[in-house]
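One-letter residues, chain by chain:
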Amino acid sequence: MKLSPATFRALAKGDKAADRVVPPTGFTARLTLFVAAAMAFLAVFALALSLAAGRLAASWGDELARASTVRISAPEGQMAAQTAAALRLLEQTTGVASARALSEAEQQALLEPWFGPDLPVASLPVPQLIEVIETEQGYDPAGLRLRLQAEVPGAVLDDHARWRKPLVAAAARLNLLGWVSALLIAATVGAMVTLAANAALAANAQVIAVLRLVGATDIYIARAFVRRFTLRALTGAAAGTALGIVAVLLMPAGSETAGFLTGLGFRDWHWLIPLLVPPLAAAVAFIATAVAARRVLGGLS
Amino acid sequence: MIELENVAYSYGGGELLSDLSLQLGAGSFHFLTGPSGAGKTTLLKLCYGALRPTSGQVRLFGSDVTHMDRDAIALSRRRVGVVHQDCQFLDHLPVAENVALPLAVAGQAVPGQDENLRELLAWVGLTGRAMALPPELSGGERQRAALARAVIMSPEVVLADEPTGNVDWEMSQRLLTLLVELNRMGKTILIATHDLQLIRAAKAQVQARVLRISNRRLQTAGADL
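These numbers come from a predicted model, not from an experiment.

Take helix α6 (residues 139–151) of chain B next. Residue and element names in this part refer to chain B. Helix length check: α6, at 13 residues, gives a terminal C-alpha distance of 19 Å against a target of 18 Å (1.5 Å per residue), a fit within 8%. With 11 of 13 residues buried, α6 is to be regarded as a mostly interior element. The set of residues buried in α6 consists of Gly140, Glu141, Gln143, Arg144, Ala145, Ala146, Leu147, Ala148, Arg149, Ala150 and Val151.

Quick look at the sheet that holds strand β3 (residues 128–134) of chain A now. Sheet strands pair via backbone hydrogen bonds, and the direction of the pair is either parallel or antiparallel. Residues and elements named next belong to chain A. The strand order across the open sheet built from 4 strands is β2-β3-β1-β4, with neighbouring strands paired in antiparallel fashion. Pairing within the sheet leaves two strands with one partner each, and these edge strands are β2 (96–101) and β4 (155–158). Between one strand axis and the next, the sheet turns by 20° as a mean value, whatever way the strands run. Of the strand pairs in this sheet, strand β1 (residues 67–72) and β4 are connected by 4 bridges, and their pairing is antiparallel. Directly across from Arg71, in β4, lies its bridge partner Val156. Seen against the sheet, helix α6 (residues 141–151) touches β1 and β4 and runs at an angle of roughly 170° to β4.

Right, let's talk about the packing of aromatic side chains for a bit. Residues and elements named next belong to chain B. Per the stated rule, a full pass over the model turns up 3 aromatic pairs over all chains. Pairing Phe29 with Phe31 gives two aromatic rings, centres 5.4 Å apart and planes at 50°, and the pair type is tilted. Considered together, Phe29 and Phe31 belong to a single accessibility category, that of buried residues. Stacked on the ring of Phe61, the Lys or Arg Arg79 has its end atom at 3.9 Å from the ring centre.

Let us now look at the packing of helix α7 (residues 169–184) of chain B against helix α8 (residues 196–205) of chain B. Residue and element names in this part refer to chain B. In the contact formed by α7 and α8, the axes pass within 10 Å of each other and the chain directions differ by 40°. Considered as vectors, α7 and α8 are oriented oblique to each other. Note that α7 runs across α8; the crossing there is right-handed. Residue-level inspection shows Trp169, Ser172, Gln173, Leu176, Thr177, Val180 and Arg184 of α7 in contact with α8, the latter providing Gln197, Leu198, Ala201, Ala202 and Gln205. Across the contact of α7 with α8, the residue classes break down as 6 nonpolar, 5 polar and 1 charged.

Our focus in this paragraph is the pattern of salt bridges. All names here are of chain B. In the structure shown here, the tally under the stated rule is 11 salt bridges over all chains. Among the salt bridges present, the one from Glu3 reaches Arg59, with a minimum N-O distance of 3.5 Å. Of this pair, Glu3 sits in strand β1 (residues 2–10) while Arg59 sits in strand β4 (residues 55–60), placing them 56 residues apart in sequence. Given the relative accessible area of 23%, Glu3 is considered partly exposed. The buried category is assigned to Arg59, whose relative accessible area is 18%.

The rules we used
- Chains are numbered independently. Their residues run from 1 in the order of the written sequence.
- Going through the entries in the order they are written, you letter the chains from A and number the ligands from 1.
- Whole-chain, interface and lining totals are the exception, using all residues; otherwise, since this is a predicted model, local features are given only for residues with pLDDT of at least 70 and side-chain atom pairs are given and counted only at 80 or more.
- Think of the side-chain values as coming from all heavy atoms in the structure, minus any hydrogens and water.
- Numbering of helices and strands runs from the N terminus; a helix is a DSSP stretch of H or I covering at least four residues, while a strand is a stretch of E covering at least two.
- Between the first and last residue of a helix there are one fewer steps than residues, each counted as 1.5 Å, and that sum is the expected span.
- For the exposure calls, accessible area comes from a 1.4 Å probe over protein chains only, and a residue counts as buried if that area is under 20% of its type's maximum, exposed if over 50%, partly exposed in between.
- The pairing criterion for strands is at least two bridges between them, as found by DSSP.
- Helix axes use the C-alpha atoms of the stretch in contact, all axes being lines fitted to C-alpha atoms, and the angles between their N-to-C directions lie in the range 0 to 180 degrees.
- We call two residues in contact when some of their heavy atoms are within 4.5 Å.
- Any Phe, Tyr or Trp ring, taking Trp's six-membered ring, that has another such ring centre within 6.5 Å forms a pair; planes under 30 degrees apart are called stacked, those over 60 apart edge-to-face, and the others tilted.
- For a ring to carry a charge above it, either NZ of a lysine or CZ of an arginine must fall within 6 Å of the ring centroid while also lying within 35 degrees of the normal to the ring plane.
- In what follows, roughly perpendicular refers to angles from 65 to 115 degrees, roughly parallel to angles under 35, roughly antiparallel to angles over 145, and oblique to any angle outside these ranges.
- The hand of a helix crossing depends on one turn: near helix anticlockwise from the far one by less than a right angle means left-handed, and clockwise means right-handed.
- Just so you know the grouping, Ala, Val, Leu, Ile, Met, Phe, Trp, Tyr, Cys and Pro go in nonpolar, Asp, Glu, Lys and Arg go in charged, and all remaining residues, Gly too, go in polar.
- Salt bridges, as used here, are contacts in which a Lys or Arg side-chain nitrogen is within 4 Å of a carboxyl oxygen on Asp or Glu.

Without other data, these values stay purely geometric and don't point to any function.
Take a look at the structure:
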């Protein structure tokens, strides 16, 4: 059985007589449907996880990489002078696109989640933060650190690399794991359909012998089984995918203020990806049944 | 039609058949006889390509079986009608559909076939049982249904393995009459049987040759019957 357009046309059109030659099997049919649905449901989640992890890795990699912070801890009287000196120094540094001291209100907003809204920031020895945005080329952190040390003794440069790198690596690994899960799910569907098809072929040995006796070619016999399992996998996977998409839609959305925690879901054209699950499941079932049928039929006289 | 030339066949142990030659010409009527286990069924299987000879040559309609692939064998089955000793059917389909199965399998099912099918079922006396399922049939009815299925494609050769094995004398007479009628229509017939009475009855109606398998070889018998 080849994957030719004619085969697909024949599959889609169906042959009522050919469908009837294999006796209906209620229980295994329902099991195949169920497994296909369950696997499609899981596949939708694996894809959602993978895509969300990919988005995380991308956003942490791109957006955070270009920002760093200079923190100035100085006695109250010197704070303004040191901040101005640091800003001046940063503006002269190549690779720094802009540097801006955070206002008191902004600093308060940053601390609010930890200390509550009524914190009198002004009366506390809170360090001054300077937000540094890099150009695409970036700056040399070691050189900048040395110069800051020399000119602004209270300044500490934090380029975020320390905590950003493991997070990006973790997100990238999560992304990979998601795709590996999707592949494993596809392989499981293939294995399950192969087992079910082998069982069906064995259970219908008499049907195959009769068909062979009256002159049926292997393609005719195989098609009766292949069509059945392909349609089952397609139907089951469609149901499972629909349920999976509904479940993803019902997930609580990651709020914008949650910052780097992107919502577990699909964005924009990514919604098209889960729609590929049913046809892929059908293709896997088609190939698995065709291979199983060819092996079993080839062993007969 | 079917030619066997110096054919030998073994199931792994010693040879069951050896150095066996046979020609089934168009319109001939042959009986194949011999004790149980002598290899009658094996010889029939060699004749329709279900088994391949361990040595020698089998030609179906001029092509060497050893060079035919599975599909070629399947296509040759459409020109050979086979009636087995234990006829097997698709048990979930009614008799009429089972009889028409070769047409469906060959992609030759046409809307106008119903009339032919009815005639064929009437010819084997199964008109009233057309909608019955095969497990509901008696032994004789199964044999006649198998015969109808074997001839619906209008094959050139009909091979029957003990077609009267599990039916009574009257029924075996009816089956024989059907096979003789087919022979008069020009079909080549080969019947394996150990029922000598049946062979005698047939000789009264048709010019039949009797072949006997003994000591792994094929002998022409006949004068003694």
